[in-house]
Every structure is written in C-alpha cells, then in structure tokens.
Amino acid sequence: MSSLDRNDINLIIGNEWDYFHHPAIGILGGILVMWKKDLASFEVIEHSSQLIMGTLNINVLGKWNIATVYGGKDAQTHRSLWQKLEGCMIGDEPGIIGGDFNYILSKEDKKGGKRFHFSNGSKDMKKFSMNNDFHDIGNARFSFIVNGRTSKWIIAENGFRQGCPLSPYLYIICSHLFSLAMAQRGQDLGIQVSHRAQKVSHLLFADDVLLLCQASKHLAVKLNNIVLDFCSWTGLKVNNAKSQILFNKGMNRVDILQVKKILKFKMLNTWGSKCLSLAGKDTLAKTSLLILPNFISTHTLVLKKVLHEVDKCCRKFIWHKRNGKKGMHYITLKNLCKSKAQEGLNFHSAVSRSSPLKARLTWRLIQNQNSLLHQVLITKYGDNLWKAKCRNGSSIAWNILNEGAEYLKPLLRWRVVNGRKIDVLNDIWLLDKQLNDWPVTADYAGLEGLNLSHFISENGCWDLEELQCFFHEDIITMVL
C-alpha cells in the first residue's frame, strides 16, 4: 500500500472509521491502522516501515498500548523492531502487539514450505516475549483485496492451548464481567433461603454456570437478555445441547412451557431407577448417594443410625422394581461390598467406610507433628492419642480423631524405644495382637496397668529378671 486517502477508507470499511497509514517502501510493506470513531481514539507515538505504535483510548476500558507490526525478514532489522517495542511498551497500561512478524516460535505453527528452523530471529522474538511478559493468543481475522474485490474473512486460529497459564485469568475476567452484569441488571433474579438472607442469582464453578431465579416469563426474558449480551461481549456461546433447566414440583405446565420457550433449554432429566440397568444403579449409588456421607463423615460426627439409613436407601434403590414396588435383594450388602475380583460389585457401605476415613485423618495427624492442628490439639488434650477418651466438651475434631485412633490401633504395632507410653496388655507391641487377646502365657493380674518401660533398664536393654517374673520362656524368646 503506497498511498491511501479518506475516499479509499470509506470504500473499504465506511466513513465511521478513522485511520493512520504508513506507506510502503518499494513494492512491499505498508501498514494501515483503523479504529471506530465513536468507540475509541488512537494517538500515534512511533511509526516506521516495521510498526505503528500508539495509545488506544477506549471509552469504557481505558488506555491500551497497541502496536501493529510488519516485521523485516533479516535478523538485524528485526532486532531493531524489538528494541523499539521494548522502549514503547512501558508503564502500567495493558498492551497488545499484532501483525506479521515473519517468524514463528514452534514447528506446530509451520504450514508447508521449508523445514522449521529455530533461527536467531525466532530466539529474539521469544526472548522479547518472556522479558516483557507477552503471550501469543492469536485469533486474528483478515481478508485480501484482489483486483478490487475483497475475499472472505480468514481467521488465523491459534488461541489459548489447554494448560496455558493465562487461561484461568481469562476465565476469571469473563466470569467477573458476567457477575457485574447480573449485579447491575439482574437485581430481580435470584432466590432467598429466608427473608433476611442474601439473594443468590448465580454460582460459578470452572466452566459451569448455575443460574437461579423464580420461574416467570418476565424474569426469563431478563435472564436471557443478560446471557445473550454477555455472549456478544465475549464471543462465547451457550451450548444448548448441554444446558438444562429444573423446575419446582409445584409449577404449572403453562408457566413451564413459557420459560422453556424463552430460554430454549431442555428439562433436566433427573436420574432415577426407572431408566437404569443394574450397572447404572450401582454407578449412580456409588457416585452420588454414597459420596456425600463419606465426605461428611470425615469432618463431622454422624450417627451410625443415619449411616445405616443411607445404606438402606442404596439397597432399596438397587433392588426395588421400576414401579416402586419392593424387590428381592438377591445379594447381601456384605457381598456387594466385595471387590469385583471376589465376585462383588465393589460397593461401598457408608457405615464401614466412615471409620477408615477417620483413621486416615488420625494417621496424617500423627505423621505431621509440626502441623498447627497437631500442636493445638496436643496442647489441649495431651500427647497420648491412643489412651485419650472423649469427654463432655471435647471438640468435634478431637472426637473424630479418637474414633480414627480406635480403628487404627489394631492395625499398627508399636516400635519399642523406652516403652513409657506402651501399655503391656492393651497395646500391640509384640507380633500382631495385644497380649489380652493371647492365650494365657503371662501373669495378667500382675501386668495390669504396667507400661513396657517397667521391663527396660536405664541403659535401654531388656531387664531379663523382670521379664522372667511375668512371662513364659517362649514369650521372652520372642521379646529378646
């Protein structure tokens, strides 16, 4: 592009656009920057055959540093481009650099032609991006003018890759924009659990959005307008195939049809036993019914009666017939909980699973003695978790850890050092059982209440005379 005037711009894109043009040198090059007058203004700071650098002042979003690049082909000319950009891209304003750099950073961007080579120009480009915290996001759109006719728009697809560190920030920015739109325009939307409670209009989790409002035609129209505007701002689209709507049971059919027609969402197909096979019921019970009690049992004291009721509900869900009538329980819960290798369904009982989960927390507390929780609880309740008892006024956390210790105790064996905390009869320190569970091989009456330190001398060795007073010779042989 050697020369352009106002008439040319009006023919290309219209008179509502302003422009700045740096002419071509020879038969190649030339850079044209255009902006819409009523939305923004553009102040040129630097321009050359390789770039047009300026400040774009957007009415709503503030100032942005914008650079349009047409890079040279040799590395030396390209190096001067990065120097100019580095000098201009300063300050706290956000910046965007776009255009044709004549270099690529990875072989994935190479389409045909010669074999990809990571040249000095590519190295300089990568170094500039890293030093100035610029990231390649792509998605440019352009067209060609051939013999006076414009081609169709060509989208240079690139964008964020999965795992890109910028992706979470981009999602946060977009979701915050949606939250602001709901706060400003959706004040009538949302539900309240009580008159004094705050209204909840939407919940965001990763890329899923849960919208809450009263089911009426007026509010459905308002909600739909907010969603459509948000999509037009960000370029996102609602996936109607994956979007569903759930109504209250008390809704009448006319209102349901009106809201569905406005939002264009399908009714939520709630899972039930009517449309599921035995394998489907098993999967649903394990992933939905049993997950909640398993999670709550790890940090809350749940009555065993409640857990038994949960197991009962799961059994009914699996074996009852489609019409709600009782069905025969062909397999007991005990056999259901066996692994598939043992011809079970690898089912989980809420009652039997709560104790191992608490034992896991207790073991983590024992292993991490430098943790804040360990220091606080041991200071209040003592350092011997195995002999501690739940008493009135104990915290829920301590009671849960005590239950975990009761389950963990038969699975562990003490490693004897000084024996001061080891109960001779009630702790496991020899083989895999406590002495109380053994046949009569010792003077149990005399051992009642004794710690193992009674049989260890001051130099850390076993006191043979004391052992002979209480234990049989076979036991002494195993101890020594």
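Residues numbered from 1 in each chain as written. Predicted model: local features only at pLDDT ≥ 70, side-chain atom pairs only at ≥ 80, totals over all residues. Heavy atoms only, no water.

Caption draft 1: Focus on the overall build of the protein chain. Looking only at helices and strands, the protein chain features 16 helices and 14 strands. Here the protein chain holds 480 residues, and 30% of them are scored as buried. A sequence separation of at least 24 residues applies to 42% of the contacts in the protein chain between residues at least 6 apart. Of the roughly 33100 Å² of accessible surface on the protein chain, 54% is carried by carbon and sulfur atoms. (Helix = DSSP H or I, 4+ residues; strand = E, 2+ residues; numbered from the N terminus. Buried < 20%, exposed > 50% of the residue type's maximum accessible area, 1.4 Å probe, protein only. Contact = heavy atoms within 4.5 Å. Areas by Shrake-Rupley, 256 points an atom, 1.4 Å probe, with all protein chains shown as cover.)

Caption draft 2: Structural context of the sheet that holds strand β5 (residues 62-70). Taken in spatial order, the four strands of this open sheet run β3-β4-β5-β6, and their pairing is mixed. Lying at the two open borders of the sheet, with one neighbouring strand each, are β3 (40-47) and β6 (95-100). In this sheet, adjacent strand axes meet at a mean angle of 25° when their direction is disregarded. (Pairing = 2+ DSSP bridges. Axes fitted to C-alpha atoms, helices over the stretch in contact; angles between N-to-C directions.)

Caption draft 3: Fine view of helix α12 (residues 372-381). Here α12 has its buried residues at His374, Leu377, Ile378 and Tyr381. Considered in projection along α12, the buried side chains sweep an arc of 100° and stay on one side of the axis. Within α12, the exposed residues directed more than 90 degrees away from the buried face are Leu372, Thr379 and Lys380. Each element contacted by the buried residues of α12 is listed here: α11 (350-367) and α13 (396-408). Two residues or fewer after α12 comes Gly382, characterised by a positive phi angle close to 100°. (Arc of directions from axis to C-beta.)

Caption draft 4: Layout of the pattern of salt bridges. Summed over all chains, the structure comprises three salt bridges. For the salt bridge of Asp18 with Arg6, the shortest nitrogen-to-oxygen distance reads 3.9 Å. In this pair, Asp18 sits in strand β1 (residues 17-22) while Arg6 sits in helix α1 (residues 6-12), placing the two residues twelve residues apart along the sequence. Overall, the relative accessible area of 28% leaves Asp18 in the partly exposed class. The partly exposed category is assigned to Arg6, whose relative accessible area is 26%. Of the charged contacts, one joins Lys222 and Asp188 as a salt bridge, the two residues approaching to 2.9 Å between their closest N and O atoms. Of this pair, Lys222 sits in helix α5 (residues 217-234) while Asp188 sits in the loop between α4 (167-185) and β11 (202-205), placing them 34 residues apart in sequence. (Salt bridge = Lys/Arg side-chain N within 4 Å of Asp/Glu carboxyl O.)

Caption draft 5: Fine view of a nonpolar patch on the surface. A grouping of Tyr169, Tyr171, Ile172, Leu204 and Val209 is seen on the molecular surface, where their side chains present a nonpolar patch of about 470 Å² in accessible area. Ranked by residues supplied to the nonpolar patch, first place goes to α4 with three residues. Residue placement: Tyr169 occurs in helix α4. (Patch = residues over 30% accessible without salt bridge, like charges linked within 9 Å, V, L, I, M, F, W, Y side chains within 5 Å.)

Caption draft 6: Just the side chain of Ser48, in detail. One can find Ser48 in the loop between β3 and β4 (51-58). Among the residues examined, Ser48 registers a relative accessible area of 13% and is labelled buried.

Caption draft 7: Broad picture of the packing of α5 against helix α6 (residues 253-263). Interaxial distance between α5 and α6 falls to 9 Å at its minimum, and their mutual angle equals 15°. Taken as axis vectors, α5 and α6 run roughly parallel relative to one another. In this structure, the crossing between α5 and α6 has a hand that is right-handed. Here Lys217, Ala220, Val221, Leu223 and Asn224 of α5 lie close against α6, whose contacting residues are Gln258, Val259, Ile262 and Leu263. Considered class by class, the residues forming the contact of α5 with α6 number six nonpolar, two polar and one charged. (Parallel < 35°, antiparallel > 145°, perpendicular 65-115°, else oblique. Left-handed = near helix turned anticlockwise from the far one by under 90°. Nonpolar A, V, L, I, M, F, W, Y, C, P; charged D, E, K, R; others polar.)

Caption draft 8: Fine view of the pairing of β5. Two strands pair when backbone bridges link them, and β4 and β5 are joined in this way by eight bridges, in the antiparallel orientation. Bridge pairing in β5 links Leu56 to Trp64. Two strands pair when backbone bridges link them, and β5 and β6 are joined in this way by six bridges, in the parallel orientation. By the bridge assignment for β6, Tyr70 is matched with Asp100.

Caption draft 9: A look at the packing of aromatic side chains. Across all of its chains, the model carries two aromatic pairs by this definition. Judged by centre distance (5.1 Å) and plane angle (45°), the rings of Trp35 and Phe42 are tilted. Look at Phe178 and Phe230: their rings are 5.2 Å apart centre to centre, the planes differ by 65°, and that puts the pair in the edge-to-face class. Here Phe178, found in helix α4, pairs with Phe230, found in helix α5; they are 52 residues apart in sequence, far enough to count as distant. Each member of the pair, Phe178 together with Phe230, is buried. (Phe/Tyr/Trp six-rings, centres within 6.5 Å; stacked < 30°, edge-to-face > 60°.)

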